[in-house]
Amino acid sequence: MLTTPRARSPRLVAGALALAGTAVALLAMAPGAAAASTPRAVRTVTPALATPASSAQDTRAMWVWDTSTPAATVDLAVSTGTDQLFVAVPPNLATSGQLPNIRALSDRARAAGIRVDALGGDPGWVDNPTWVITYWLKPAKSSGLFTGIHVDVEPYSTSAWSTDRPSVVGRYLTLLDKLQANAGTYPIEADIPFWFDTVPAVATTGAASTLDREIIKRTAGVTVMSYRNTATGTDGTLGVAAPALAAGASLGKPVRLGQETNYLGATAVDTKQTYFGWTRTAMEAQLAQVNAGASGYATYAGLAIHDASGYAVMAP
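Rules behind the numbers
Residues numbered from 1 in each chain as written. Predicted model: local features only at pLDDT ≥ 70, side-chain atom pairs only at ≥ 80, totals over all residues. Heavy atoms only, no water. Helix = DSSP H or I, 4+ residues; strand = E, 2+ residues; numbered from the N terminus. Buried < 20%, exposed > 50% of the residue type's maximum accessible area, 1.4 Å probe, protein only. Contact = heavy atoms within 4.5 Å. Areas by Shrake-Rupley, 256 points an atom, 1.4 Å probe, with all protein chains shown as cover. Polar contact = N/O pair within 3.5 Å; in protein donor to acceptor, adjacent residues only side chain to side chain. Salt bridge = Lys/Arg side-chain N within 4 Å of Asp/Glu carboxyl O.

A tally of helices and strands in the protein chain yields 12 helices and 11 strands. A burial count over the protein chain gives 56% of its 316 residues as buried. Considering only contacts within the protein chain whose residues lie at least 6 apart along the sequence, 76% involve residues at least 24 apart. Counting only carbon and sulfur atoms, one obtains 57% of the accessible surface of the protein chain, whose full area is about 11,000 Å².

This is the structure:
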């Protein structure tokens, strides 16, 4: 089990390999960002509602970082029983060249009964909350194309994480507070790594807390990057995700479990975090075990697949 962050999360690496430079440009959005995040695909369940354990097994979301193939992406979602898409959105959406594809993707998905949330994030967002609200959140809301907001900031990718972590943690939580204050009726969800329970944070009351709990308190739900290609065992998906699942249950917030399908590298650490090279049939056997084990948590909200690009090329 990994308990310390890497310079880039598997999701970041995977997106960079799986997608073309278009999506990279979309997410390197914040001016003066300490580190540019690379695309990742999204998949998620309705954030505002805690999905009952009995139905969570039928719920699946998917990250979509590459929006260039709307029809193919929605076809993939329909064929895999995906209920929700996290669709990457650039800043200033109304004037973006990506708008036609994003509108087509949203329209097709909604016609198929699939929920669509606006996806965005960059480590530099922690230092630019006003910019994020003005140039990303408000344009995304104004488009009328989305039901919710899904952020993937990954503050541990900033250079200051290793030198002044408490300050970065505080600024990240402030960013979430400001997103929440400006989101209106749009629920805010966030992606978190499974090890955020090991990162100290301070609650609004001044009491000692952990970063996973403080993020869960500030959002409508979280998706845990619990990237393992085995369901059980201390270093399996259920083992690494247990703290976040327990925190979500105690706070009454939905927790989704993310699974990776992209190539991350050739080392043992890399390969255990992804289903790259597996067939969908073999992966589904593990995911069924994840659903069965996680359904014991009252607010377990199903799976999220990272990402559309990796998922699409898996053999049956």
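Still to come is the rest of the account.
Once that is clear, we can look at the side chain of T274. By secondary structure assignment, the location of T274 is in the loop between α10 (268–271) and α11 (280–294). A polar contact of 2.6 Å, which involves the side chain of T274, links it to the backbone oxygen of N262. Among all residues touching T274, those that are not within four sequence positions of it are N229, E260, T261, N262 and L264.

If charged atoms from side chains of opposite charge come close, those side chains can pair. The final tally for this structure, using the stated rule, is 9 salt bridges. Between R171 and D127 there is a salt bridge, and its shortest N-O distance comes to 2.8 Å. One end of the pair, R171, is in helix α7 (residues 165–182); the other, D127, is in the loop between β4 (115–120) and α6 (129–142), with 44 residues separating them in the sequence. Overall, the relative accessible area of 28% leaves R171 in the partly exposed class. Two residues, E214 and R218, come together in a salt bridge whose shortest N-O distance is 3.0 Å. Placement of both E214 and R218 in helix α8 (residues 211–218) is noted, with a separation of 4 residues, approximately one turn of the helix. Overall, the relative accessible area of 1% leaves E214 in the buried class. By relative accessible area, R218 is classed as buried at 11%. Beyond isolated ion pairs, a larger network of salt bridges with shared partners links D177, E214, K217 and R218.

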